[in-house]
Each structure stands twice: as C-alpha cells, then as structure tokens.
Amino acid sequence: MAEAIFKKMAEERGISSLLNVQSFATSDWEEGNPVYPPAASALRAHGITDFKHRSRPVTLADLKNSDYVLVMDDMNMRDVVRLTAGRYGQKIFKLGHFLTPQIDIADPYYTRDFNRAYADIYAACSAFMDYLEGKHAGTISYDKNI
C-alpha cells in the first residue's frame, strides 16, 4: 500500500520522475504474490488504481543502493537491521517516524483494518514527502525545472 500511495503522492507533487519507489518484503512468505486483495480494494477506494506490484524479499543490495529505507514497524526494523548487520542505520527509518506523535504502521493483514492502515500510511507518506522536499528543496526544484 505504501508504494502505491507514495508513487501517487509524488506524481501529484510533480516529482515522480525524481524518485525510484519500490516496496519489498522482509520475508519470502508472500514472494511472487500481487497486492493482497483487501489492500488493493482499499487503494481503489481512495482512487489509486495503478499498482502493479509483486512481492519479493528485500536484499542487502537493495538496502545498500537505497537513499532511504522505510519500514512499517519494530519487527520490520529488526529484520532490516539484522540483514544489514547494523550498517546503514542513517538511512533506515520507520515510516511513522515522520508523524507527530510517531507511530508504527499496524499490519492490516493481522488487524484486518485496511482503512486505518491506508489512513496511517497516507499521513506518514505525506509527512515523509514534506521531509524530503524540505531536506532536498534545492535539488528537487532544480531537477523539476529540467
């Protein structure tokens, strides 16, 4: 859900060409599967219809080659830190870190509350987008004008 939400948000803000947004799993449990049907329904209910995602586990190379790594909760954080052997901590954040107060994004697979997950992810993506635009304002405005 976060990948689709963030991509749409980047498109609406006119910076999608500046970003490479990818979602990965921290396990191989759902490898190869498309977006979970109730998550897809929640996205469509909010006007997001363009999501062609297949689950695949994150690799160390994915983490090394990313500018930012965003995880949803403590379990995801532990999995990513374990995979990196504690390296790259300066670019690994919980998505909910950018909200006030900070939150973990509850996994709707377990909570069954896909609308709440959408709302939390949307708010956190918006806050992260604001953070990016503030931190990289010069680069973003320069690149948008090319």
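Residues numbered from 1 in each chain as written. Predicted model: local features only at pLDDT ≥ 70, side-chain atom pairs only at ≥ 80, totals over all residues. Heavy atoms only, no water.

As for unusual backbone geometry
Cis geometry is found at the peptide bond from T100 to P101, where omega equals -5 degrees. Within the secondary structure, P101 is located in the loop between β2 (92-94) and α5 (108-111). Of note, the phi angle at Y88 is positive, near 70 degrees, even though the residue is not glycine. Tracing the sequence through the fold places Y88 in the loop between α4 (74-84) and β2. (Helix = DSSP H or I, 4+ residues; strand = E, 2+ residues; numbered from the N terminus.)

Examining the layout of surface pockets
Considered as a void within the structure, the second largest pocket measures approximately 250 Å³ in volume. If you trace the second largest pocket, you find it lined by A4, K7, K8, A10, E11, S16, L19, V21, G47, I48, T49 and D50. A breakdown of the residues in the lining of the second largest pocket according to their chemical character gives five nonpolar, three polar and four charged. (1 Å grid on protein atoms, 1.4 Å probe; cavity = no way out; pocket = protein on both sides within 12 Å on 5 of 7 lines; lining within 4 Å. Points joined across faces, edges and corners; volume = space filled by probe spheres on them. Nonpolar A, V, L, I, M, F, W, Y, C, P; charged D, E, K, R; others polar.)

Description of the side chain of D62
With respect to the helices and strands, the residue D62 is situated in helix α3 (residues 60-64). At 2.9 Å, the side chain of D62 forms a polar contact with the backbone nitrogen of T59. Excluding anything up to four places from it in sequence, D62 contacts F24, R56 and P57. (Polar contact = N/O pair within 3.5 Å; in protein donor to acceptor, adjacent residues only side chain to side chain. Contact = heavy atoms within 4.5 Å.)

Considerations on the environment of R112
Within the secondary structure, R112 is located in the loop between α5 and α6 (114-135). Considered as a pair, R112 and T49 are 63 residues apart in the sequence and their alpha carbons are 21 Å apart. In contact with R112, not counting residues within four places along its chain, are Y36 and P38. One polar contact links the side chain of R112 to the main-chain carbonyl oxygen of Y109, over a distance of 2.9 Å.

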